Amino acid sequence: MNNEDLFKKVVSHCKEYGFVFPSSEIYDGLAAVYDYGQNGVELRNNIRQYWWKAMTQLQTNILGIDAAIFMHPKTWKASGHIDGFSDPMIDNKDSKKRYRADVLLEEHQEKLRAKADKEVEKARARFGDSFDEAMYRSTNPRVVEYLNAIAHIDNTLKEGLETGNLGMIKALIEELGIVCPVSGSKNWTDVRQFNLMYSTQMSAVESGEDSLYLRPETAQGIFVNFLNVQKSGRAKIPFGIAQTGKAFRNEIVARQFIMRMKEFEQMEMQFFCKPGTELEWYAYWKEQRLKWHLALGTDKNSYRYHDHVKLAHYANAAVDIEFDFPFGFKEVEGIHSRTDFDLSKHEEFSGKKLRYFDPETNESYIPYVVETSIGLDRMFLLSLCAAYQEETVEGGELRTVLKLHPALAPVKAAILPLVKKDGLPELAEKIYNDLRFDFKLYIEDKDSIGKRYRRMDAIGTPFCITVDHDSITNDDVTIRHRDTMEQRRVKVSELRDILAKETGMSALLQKLV
Ligand code: GAP
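A quick note: this is a predicted structure, and the numbers were derived from the prediction, not measured.

On to helix α13 (residues 376-387). Because an α-helix completes one turn every 3.6 residues, residues spaced three or four positions apart along the sequence face the same direction. Along its 12 residues, α13 runs 16 Å from first to last C-alpha, staying within 8% of the 16 Å computed at 1.5 Å per residue. Of all 12 residues that make up α13, 11 are buried, and the element is covered over most of its length.

This is how it looks when you write it as structure tokens:
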């Protein structure tokens, strides 16, 4: 299966098996907004819980909060989101379609890169073992031309954005002859900055003064509560504050399913530390966060770090954790060393001191912050892409199976009476009723056992527990493992311990310490 097929299959699997639906689908949906179905919500809750426990339960010095989505409008002035949280947009006058100017240019660069790679591959075939790729890339006139054009785009885009000279960016789009993918024309408007925040009103009367924003990140709710938590929690530096919650961005170029949404959820942690120690903590969190991902059993070659070379002016280190999605390596999480930028800005705009008094040195200072920020929806998509498999099983039948980590699986076990008579459904129900206080289970007596196994494989249920005639006399059942499809006989009284050990979160969390 190629990557494009895999991605299409994951998207349609999500709908067919109740993981993700387009929002308000009966009205033809809403672009870049999605709803989670009965299995999706369980998977999402489990991912969130894994993150939350790793942060607030395993780490002795991280405290959780849940700040409101609405915040005082000055928050966004202080954070820089009102003035700087925007994308350069351009419209095509013929198709009336709006595009991110930087994305149009990046797509053009991709085409040039592909052309250069094609030349290199042709030469490799021609020269065989004696081929020196580095030499060819630096000397072949056609390849050099492509690579220079790529660098020219990078430089002009950077200069245009940094100096606010958006005319330069439009001129570049015209110079490169970029056409609208819909109309095919070059009839472009000027490039304008378009703020990504959604605004609304606090009261019923529109007055401009009370306009509010839907938060574009959860982090600011942590910064403004820094002293509240520190004082009420008697927290000593270094300590962290963690939060999960919805964020909203008016993404114009929303693509790749739930990868880039207008309403999404973030899981963020700000770690407050003494100035001068931040790079040590940054290294710690960089390693710790990748460990969190890898503990789920995902192939480590599917992950990579992308260290930022160009840093935001307030950051002194930043890295993305990228995952090899079917459409290439993309960011799933960011770790940023943000210095004292945010707290200093909030001090300036609120007029309130946001300092930590260090009782050991008798000093007061604004702490430095290392942030870890991961998108829950992206982690959800990652989990599905990594777990989705099609296998040919005995008899040549194809089974689709989600090999999710058992602790993340929406349903932990299915209780299946072999037939719908002879007291088997009643015994199955008794087992279900006994275990449902501890585990999310499923019980079903319709269809052949084979069909029921397949449906459970498709939603990633780690265990199927089959109740048969021997179960009535022997008080035992068959337990089938999703990945190996192996079956073994166990006593009913053993089920609770088996499920707790195999599907609980504690074994997963133990890998992190
Ligand atoms: N507080 C830092 C911050 O918000 P970000 O890189 O803009 O940094 C952090 O976002 C994470 O949030 C990203 O790594 C990504 O996983 C997720 N994210 C950002 N925008 C998103 C969107 N439009 N849809 C889904 N997830 C998004």
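Moving on, there is more to tell.
This paragraph deals with the packing of helix α1 (residues 3-16) against α13. Direction vectors running N to C along α1 and α13 enclose 115°, while the axes themselves pass 10 Å from each other. As the angle between them shows, α1 and α13 are arranged roughly perpendicular. Our pair here, α1 against α13, has a crossing hand that is right-handed. Between α1, through Leu6, Phe7, Val10 and Cys14, and α13, the contact on the second element is made entirely by Leu381, Leu384 and Cys385. Counted by class, the contact of α1 with α13 contains seven nonpolar, no polar and no charged residues.

Right, let's talk about the domain arrangement of the protein for a bit. On domain assignment, one finds that the protein holds domain 1 (3-85 + 196-384) and domain 2 (393-510). Averaged C-alpha coordinates put domain 1 and domain 2 at centres separated by 36 Å. Residue-level contacts link 17 residues of domain 1 with 16 residues of domain 2. Summing the contributions of domain 1 and of domain 2, the shared interface buries around 1500 Å²; its carbon and sulfur component is 76%. Looking at the side of domain 1 facing domain 2, the largest losses of area belong to Asn46, Tyr50 and Leu296, adding up to 29% of the total buried there. Summed over the shared surface of domain 1 and domain 2, the result is one salt bridge. Here Lys440 makes a salt bridge to Glu42, at a shortest N to O gap of 4.0 Å. One can count three residue pairs in polar contact (both at pLDDT 80 or more) joining domain 1 with domain 2. Broken down by secondary-structure element, the contributors of at least two residues to the side of domain 1 that touches domain 2 are α2 (38-56) and α13. Broken down by element, the side of domain 1 that touches domain 2 gets its largest block of residues, nine residues, from α2.

Contact geometry of helix α7 (residues 141-163) with helix α8 (residues 166-175) gives a least axis separation of 7 Å together with a crossing angle of 155°. Relative to α8, the element α7 is oriented roughly antiparallel. Between α7 and α8 lies a crossing of left-handed hand. Here His152, Ile153, Thr156, Leu157, Glu159, Gly160 and Leu161 of α7 come into contact with α8, specifically with Leu166, Met168, Ile169, Leu172 and Glu175. The residue inventory of the contact of α7 with α8, partitioned by class, reads seven nonpolar, three polar and two charged.

Any two side chains of opposite charge can pair, given that their charged atoms come close. Here the structure, examined in full by the defined rule, presents 46 salt bridges. Arg137 is paired through a salt bridge with Glu133; the nearest N and O atoms lie 2.9 Å apart. In this pair, Arg137 and Glu133 are both assigned in helix α6 (residues 133-139), four residues apart and thus about one turn of the helix distant. A single salt-bridge network, built from bridges that share partners, covers Glu391, Glu397, Arg399, Lys403, Arg454, Asp457 and Arg480.

What follows covers the state of the cysteines. In protein chemistry, a disulfide is the covalent bond that joins the sulfur atoms of two cysteines. The final tally for this structure, using the stated rule, is zero disulfides. Of all cysteine sulfurs in the structure, the one in Cys385 sits closest to Cys14, which takes part in no disulfide; the separation is 8.2 Å. For Cys14, a relative accessible area of 1% gives the class buried.

A few words now on the site of the ligand. Neighbouring residues of the ligand: 17 residues in total, closest Glu217, Glu251, Met261, Glu268 and Glu331. With respect to the ligand, the side chain of Glu268 contributes an N or O atom lying 2.6 Å from a nitrogen atom. In the model, an oxygen atom of the ligand is placed 2.9 Å from a nitrogen or oxygen of the Val332 main chain. Put simply, the parts of the chain that give the shell around the ligand at least two residues each are β10 (263-273), β13 (328-337) and β16 (368-375).

Moving on to the sheet that holds strand β19 (residues 413-417). Strands sit in the order β20-β19-β21-β22-β23 across an open sheet of five strands; the sheet is mixed. Across the chains shown, the open sheet's two edge strands, defined by having one partner strand only, are β20 (441-443) and β23 (487-491). Looking at each pair of strands side by side, their axes are set apart by 25° on average, direction ignored. As paired elements, strand β22 (residues 476-481) and β23 share five bridges and run antiparallel to each other. Residue pairing for β23: Ile479 is matched across the bridge by Arg488. Against the sheet, helix α17 (residues 495-503) contacts β19, β20, β21 (463-467), β22 and β23, and its axis sits at roughly 165° relative to β21.

Turning next to the side chain of His81. Within the secondary structure, His81 is located in helix α4 (residues 81-84). Among the residues examined, His81 registers a relative accessible area of 9% and is labelled buried. For His81, the side chain forms a polar contact with the side chain of Ser79, separated by 2.6 Å. Contacts of His81, omitting those with residues within four sequence positions, involve Trp76, Asn195, Met197, Pro216, Glu217 and Gln220.

Thresholds, definitions, all that
Along every chain, residues carry numbers that run from 1 in the direction the sequence is written. Whole-chain, interface and lining totals are the exception, using all residues; otherwise, since this is a predicted model, local features are given only for residues with pLDDT of at least 70 and side-chain atom pairs are given and counted only at 80 or more. The side-chain figures draw on all heavy atoms in the structure; neither hydrogens nor water molecules are used. Where helices and strands are cited, they refer to DSSP runs of H or I of at least four residues and of E of at least two residues respectively, numbered from the N terminus. Residue count minus one, scaled by 1.5 Å, sets the expected span of a helix. Throughout, exposure labels follow a simple rule: accessible area from a 1.4 Å probe, protein chains only, divided by the maximum for the residue type, with under 20% read as buried, over 50% as exposed, and the rest as partly exposed. Interaxial angle, 0 to 180 degrees, is taken between N-to-C directions of lines fitted to C-alpha atoms, where a helix line uses only the stretch in contact. Each angle gets one of four labels, with under 35 degrees taken as roughly parallel, over 145 as roughly antiparallel, 65 to 115 as roughly perpendicular, and the rest as oblique. For a crossing to be left-handed, the near helix must be turned anticlockwise from the far one by less than a right angle; the clockwise case is right-handed. Residues are treated as being in contact if the distance between any of their heavy atoms lies within 4.5 Å. The classification used treats Ala, Val, Leu, Ile, Met, Phe, Trp, Tyr, Cys and Pro as nonpolar, Asp, Glu, Lys and Arg as charged, and all other residues, Gly among them, as polar. These domain boundaries are the output of an automatic or database domain assignment. Summed over both partners, the accessible area lost on bringing two parts together, with a 1.4 Å probe, is the buried area. For this document, the term salt bridge refers to a Lys or Arg side-chain nitrogen within 4 Å of an Asp or Glu carboxyl oxygen. Polar contacts, as counted here, are pairs of nitrogen or oxygen atoms within 3.5 Å of one another; within protein the pair requires one atom able to donate a hydrogen and one able to accept it, and residues that are adjacent in sequence qualify only if both atoms are side-chain atoms. Note on disulfides: each one is a pair of cysteine sulfur atoms within 2.5 Å. For this description, a residue counts as near a given molecule or strand if any of its non-hydrogen atoms is within 4 Å of it. For two strands to be treated as a pair, DSSP must find no fewer than two bridges joining them.

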